[in-house]
Amino acid sequence: MQDNGGGKRKKQLIPSFASVHVVQTASEMLFSQDIPSDVTVHTGGASFSLHKFPLVSKCGYIRKMASNPKDSGLLMVEIPDIPGGPEGFELAAKFCYGINFELSTENIAMVRCVSEFLEMTEDYAIGNLVTRSEAYLTEVGLKTLAGSVSILQSSVNLLPMSNKVKLINRCIDAIAFIVTKESSGSTGPLVSSSCSSHQKVVVDWWAEDLIVLRIDIFQRVLLAMISRGYKQYALGPILMLYAQKCLRGLEIYGKSKKKINSKQEHEKRIVLETIVSLLPRERNAMSVSFLSMLLRAAIYLETTMACRLDLENRIGLQLGQAVLDDILIPSFHFDGDTLFDVDTTQRVMMNYLEYELETTNNQENDMKKVGKLMESYLAEIASDRNLLVSKFINLSEHIPEQAKVSEDGMYRAIDIFLKAHPMLSDTERKKVCSLMDCQKLSREACAHAAQNDRLPVQTVVQVLYYEQQRLRDTMDGGGQIVVKPTTTTTTTTTIRPLSDELSQLKKENQDLKFELLKMKMKLKEVERPSGDKFAVSSPIGGTRFSADKPPLPRKSFMNSLSKKLGKLTPFLRADAAVPSSTRGMNKPSKDRRHSMS
């Protein structure tokens, strides 16, 4: 470095990544030489007693200040808004006085901005500070990802000057170039269509460097990467990493919303809405569990409705990959409201159904997974005493029939709901129980329902009738009973004789007749005071019959029963025969897997 004044020793700025902390200030150095100062610079609360000649020889800004002939004495200069404040001005002053200091990725942004502000260009001195700082940026600073990110972070704090010298744009472009070049052909989608929603995420080597950026700068970097050819669906891992870092501290898995600082809440809201806007549009590019986490945070932070609906739609498209925890969204509302946000989950399911209807290659297995998932969800929310019966019914009615393998899941949810809501009217209980098709209940569920005093009498009668009908079809279907082996090995399997099987079925058929007879007597008791209005007053089995009393003849019994249940069971024909029975209709023990109390 050569000063404008002749005879000065040449000194050079040494490019280095390591910052050198200078203890002696420029003013202290001049004071030690006993040279009186003729200019005082005030900036950022600090004062510098300096000399006009070295300053005006390189700083166009100071030269213009000192050009007034009236200021022949001590010059006072106020610089209130210099980039970098006192630290930035001190580096520029050292350059003017020929004092060595090291350039680094930590201070180069400040040096470049302050040199531009003070007009330290080639117009005032050869090899001036603008030229030196530009050379460092081009040859060293922007050659590596770490260096570019460090300079970019510093530049954000030097606005608007850093924008004027295009420092932020150059850093972003350098980062996008380096990342795209290094990641070309090596990054794929996060989750394939057949992958689990809990697949381990592999984060690229550069992700850790970028997540330290402010959200608006982070967004500009990712958009620059996409413009250079980086695939948007491959942004999943870094978006997940950034979200986990910035949204840390939100208790989005609790049952209530806790107050946080309003400024922090606003910042996190901006971060979340920006991340959602950057999410890949491709289906299965992000895991359902991550999308669910974002949705919880969006409800917690009260983001825009567009942001929440976008997340609901994305989860709906991948609902077949979800687990129960993914759709158990807390309500975060006032005391006395439901524990879970049922409306949000219902919209998610509707998005899924809409997508399935529009898709020609509908996967039946996926639909059955969703049906089972929603039945589990119903059972989970059913125990909430604040859940309205209308919401329970509305959500249940939207589960398509083709999504149900059996009605056992629905029966379980209904039973839990009735237990948690004992004050329901008879009409409401009938509406709730009408949600399940008794014909599709398993034998275990039928056995439980037959003794469930929470169910309306009409529902119990339907269960018993359909079970007898199923047993009759089993026995009359070709006159043969197929007994499946209990193992899949090639060894010989012992099959019970057909006569033993028939004897067992006949015995269980008699048991069913006995249960229907008891229901007939109970219906008479219920109808006596209230006509067509039915109510459950006692558990099934309360009526006792003589052991030696013979059962009624088959045809007359069913005719009598059909007359009493005309309105209740329109499916019952007057000439219907009492079906035969199969195994398993003895009263179930309490430890069966469908048993509920």
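Residues numbered from 1 in each chain as written. Predicted model: local features only at pLDDT ≥ 70, side-chain atom pairs only at ≥ 80, totals over all residues. Heavy atoms only, no water.

An unreviewed UniProt entry lists the chain under the name NPH3 domain-containing protein, with Lactuca virosa given as the organism. The annotation that UniProt attaches to the chain under Sequence similarities (unreviewed entry) is "Belongs to the NPH3 family." (UniProt positions renumbered as here; feature names shortened; annotations may be inferred.)

A few words now on the overall build of the chain. Each helix and strand in the chain was counted, giving 25 helices and 3 strands. The contacts in the chain between residues at least 6 apart in sequence include a share of 74% that link residues at least 24 apart. With the model as given, the accessible surface of the chain reaches about 30200 Å², and the carbon-plus-sulfur share is 52%. (Helix = DSSP H or I, 4+ residues; strand = E, 2+ residues; numbered from the N terminus. Contact = heavy atoms within 4.5 Å. Areas by Shrake-Rupley, 256 points an atom, 1.4 Å probe, with all protein chains shown as cover.)

Following the criterion strictly, the structure yields 6 aromatic pairs and no others. Ring centres of Phe 48 and Phe 89 lie 5.2 Å apart, and the angle between their planes is 55°; this geometry places the pair in the tilted category. Taken together, the residues Phe 48 in strand β2 (residues 46-50) and Phe 89 in helix α4 (residues 85-97) connect sequence positions 41 residues apart. On the basis of relative accessibility, which here comes to 7%, the residue Phe 48 falls in the buried class. Among the residues examined, Phe 89 registers a relative accessible area of 2% and is labelled buried. (Phe/Tyr/Trp six-rings, centres within 6.5 Å; stacked < 30°, edge-to-face > 60°. Buried < 20%, exposed > 50% of the residue type's maximum accessible area, 1.4 Å probe, protein only.)

The next thing to look at is the nonpolar core. Side chains that are nonpolar tend, in soluble globular proteins, to be buried together. Ranked by internal contacts, the top residues of the largest apolar core, which has 148 residues, are Ile 79, Leu 118, Leu 210, Met 225, Leu 279, Leu 294 and Phe 392. The biggest single contributor to this core is helix α14 (residues 288-301), with 11 residues. (Core = buried A, V, L, I, M, F, W, Y, C linked by side-chain atoms within 4.5 Å.)

It is worth spelling out α14 at this point. Along its 14 residues, α14 runs 20 Å from first to last C-alpha, staying within 8% of the 20 Å computed at 1.5 Å per residue. Counting buried residues along α14, 13 of its 14 residues qualify, which places the element largely inside the surrounding structure. Downstream of α14 by one or two residues, Glu 302 has phi in the positive range, about 55°. (Expected span 1.5 Å × (residues − 1).)

Here the focus is the packing of α4 against helix α5 (residues 108-117). At a minimum axis distance of 9 Å, the contact between α4 and α5 shows a crossing angle of 75°. Between α4 and α5, the angle is such that the two are roughly perpendicular. Taken together, the residues of α5 that come into contact with α4 (itself represented by Glu 87, Gly 88, Phe 89, Leu 91 and Ala 92) are Met 110, Val 111 and Val 114. Taken together, the residues that form the contact of α4 with α5 break down as 6 nonpolar, 1 polar and 1 charged. (Axes fitted to C-alpha atoms, helices over the stretch in contact; angles between N-to-C directions. Parallel < 35°, antiparallel > 145°, perpendicular 65-115°, else oblique. Nonpolar A, V, L, I, M, F, W, Y, C, P; charged D, E, K, R; others polar.)

Moving on: the sheet that holds β2. The sheet built from 3 strands is open, its strands ordered β2-β1-β3 with mixed pairing. The open sheet is flanked by β2 and β3 (75-78), the only strands paired with a single partner. Neighbour-to-neighbour, the strand axes of the sheet open up by a mean angle of 20°, direction not taken into account. The sheet contacts of α4 involve β1 (39-43) and β2, and relative to β2 the element is tilted by about 10°. (Pairing = 2+ DSSP bridges.)

So, on to the pattern of salt bridges. Tallied over the full model, the rule gives 17 salt bridges. For the salt bridge of Arg 170 with Glu 134, the shortest nitrogen-to-oxygen distance reads 3.0 Å. Of the two residues, Arg 170 sits in helix α9 (residues 167-183) while Glu 134 sits in helix α6 (residues 129-139), which places them 36 residues apart along the sequence. A salt bridge links Arg 281 to Asp 310, with the nearest nitrogen and oxygen atoms 3.7 Å apart. On the criterion of sequence distance, the pair formed by Arg 281 in the loop between α13 (262-278) and α14 and Asp 310 in helix α15 (residues 305-317) is long-range, its members being 29 residues apart. (Salt bridge = Lys/Arg side-chain N within 4 Å of Asp/Glu carboxyl O.)

The element β1 is largely enclosed, with a buried count of 4 among its 5 residues. Bridge count between β1 and β2: 5 bridges; the pairing is antiparallel. Across the sheet, residue Thr 43 finds its bridge partner in β2, namely Ala 46. Hairpin geometry of β1 and β2 is characterised by an intervening segment of 2 residues between the two adjacent antiparallel strands and by a positive phi of about 55° at Gly 44. Where β1 lies against β3, 4 bridges are found, and the strand directions are parallel. Directly across from Val 39, in β3, lies its bridge partner Leu 75.

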